[in-house]
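These are the residues of each chain, in order.
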Amino acid sequence: MIEVKNLTKQYGHHTAIHDLSFTIDAGEIVGFLGPNGAGKTTTMNIMTGFLAATRGDVRINGHDIVSQPEQAKKQIGYLPDTPPVYGDMRVEEYLHFVADIKGVKRAGRKEMLTQIKQQLYIDDVSRRLIKNLSRGYRQRVGLAQAMVGKPRVIIMDEPTIGLDPKQIMEMRGVVKNLGHHHTVILSSHIMQEVSAVCDRVMIINKGRIIAQGTPESLSAGLTKAGGKLQVRLKATATQARDALKEFAVVRHVQVLESREPGTVDLQLAGDEGTDIREVVFRCMAKHNLPLLLMKSMDLSLEEIFLTLTGDIRAAAAGYDAPEGSGVA
């Protein structure tokens, strides 16, 4: 459905994106992640035809965005980070205006717009001025304009920015439903959002794609065997901490809420690449503290992101215990 080859964009001596190549299959929901200035918005603007690339090719459903712009853009609906809406127009009026611009035929237009409004839950505000709508409703109207014409691909840049928690949850549901009929690309800084709705993640940093795959596969590739553990002991937190102080290889200890009376759950981590499972086993055996559970813990998407983009200290912070509850 989407094919990007060797995409590069330069501004003078600055290279915003460098030699990006990837494909996205029909029906996929793909999260596009990266720190500020990584090149996400630049890549999206090139894919949608708003910006010209210095080098490289983009094909949307077989159509080249440069040599076949009309055919390619018909396949795309785009929601930028600021919804492209006109405040002095009513919702219904605005969507008909967008349909005219996109060349949507009158026959069947009313049914199409009704379906879109129902899908996005904006049919009850059809007669209201857009400027009088809440941020959440304006965001939905912006998404509605992207869906006019039934494009095969929906591209969204920070679709939940500025929304409250309830509106974010509603937008997640909308994005999931879009995946039934469209290929979806979304850029976001909210890791929980990407984890909740995306089939695949691409992480970009300094203009290059540094990782891509499902959150589970990325976590498996980064998590070292035994590097981050959850253990359950028949002991108190104080007994467990005192025992672990003898073993410097265990760098971080965090006390978790235990589900069994008379036990304590701990989250443990060692140096990168260090397998601490045997150390933990021998430590607890030496101090006669029954070890009831030991399992490796997957990295969260946020930890994956911070690790891959170079913020190792911030990623490691997730391992640290609150003051007074861990060992150095």
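S.K.: Whenever I open this one, the confidence of the model for the protein chain confuses me. Can you help?
M.R.: A low pLDDT score tells you not to read the predicted coordinates there in detail. In this model, the protein chain carries an average pLDDT of 84, and 87% of its residues clear a pLDDT of 70 or more. Within the protein chain, helix H3 (residues 91-101) carries the highest mean pLDDT (95), whereas helix H12 (residues 312-317) carries the lowest (40). Taken together, the stretch residues 312-328 has pLDDT below 50 and engages in 36 contacts with residues farther than four places along the chain or on a different chain.

S.K.: What is the right way to look at the sheet that holds strand E10 (residues 208-213) in this model?
M.R.: Note on sheets: strands pair through backbone hydrogen bonds, and any given pair is parallel or antiparallel. Spatially, six strands are ordered E6-E7-E8-E3-E9-E10 in an open sheet, and the strand pairing comes out mixed. With one partner strand each, in any of the chains shown, strand E6 (76-79) and E10 form the two edges of the open sheet. Strand-to-strand twist in this sheet, taken as the mean axis angle between neighbours without regard to direction, amounts to 15°. Across four bridges, the pairing between E6 and strand E7 (residues 153-157) is parallel. Within the sheet, the bridge partner assigned to Leu-79 lies in E7 and is Met-156.

S.K.: Sorry, what's going on with the sheet that holds strand E14 (residues 291-296) here?
M.R.: Here four strands make up an open sheet; going across it, the order is E12-E13-E11-E14 and the pairing antiparallel. Two strands in the sheet have a free side with no partner beyond their single neighbour: strand E12 (250-256) and E14. Averaged over neighbouring strand pairs, the angle between their axes works out to 20° when direction is ignored. Bridging between E12 and strand E13 (residues 264-270) involves six bridges; their strand directions are antiparallel. Its bridge partner being in E13, Gln-254 is matched across the sheet by Gln-267. Lying on the sheet, helix H9 (residues 237-244) is in contact with strand E11 (228-233), E12 and E13; it crosses E13 at an angle near 25°.

The rules we used
Residues numbered from 1 in each chain as written. Predicted model: local features only at pLDDT ≥ 70, side-chain atom pairs only at ≥ 80, totals over all residues. Heavy atoms only, no water. pLDDT = per-residue confidence, 0-100. Helix = DSSP H or I, 4+ residues; strand = E, 2+ residues; numbered from the N terminus. Contact = heavy atoms within 4.5 Å. Pairing = 2+ DSSP bridges. Axes fitted to C-alpha atoms, helices over the stretch in contact; angles between N-to-C directions.

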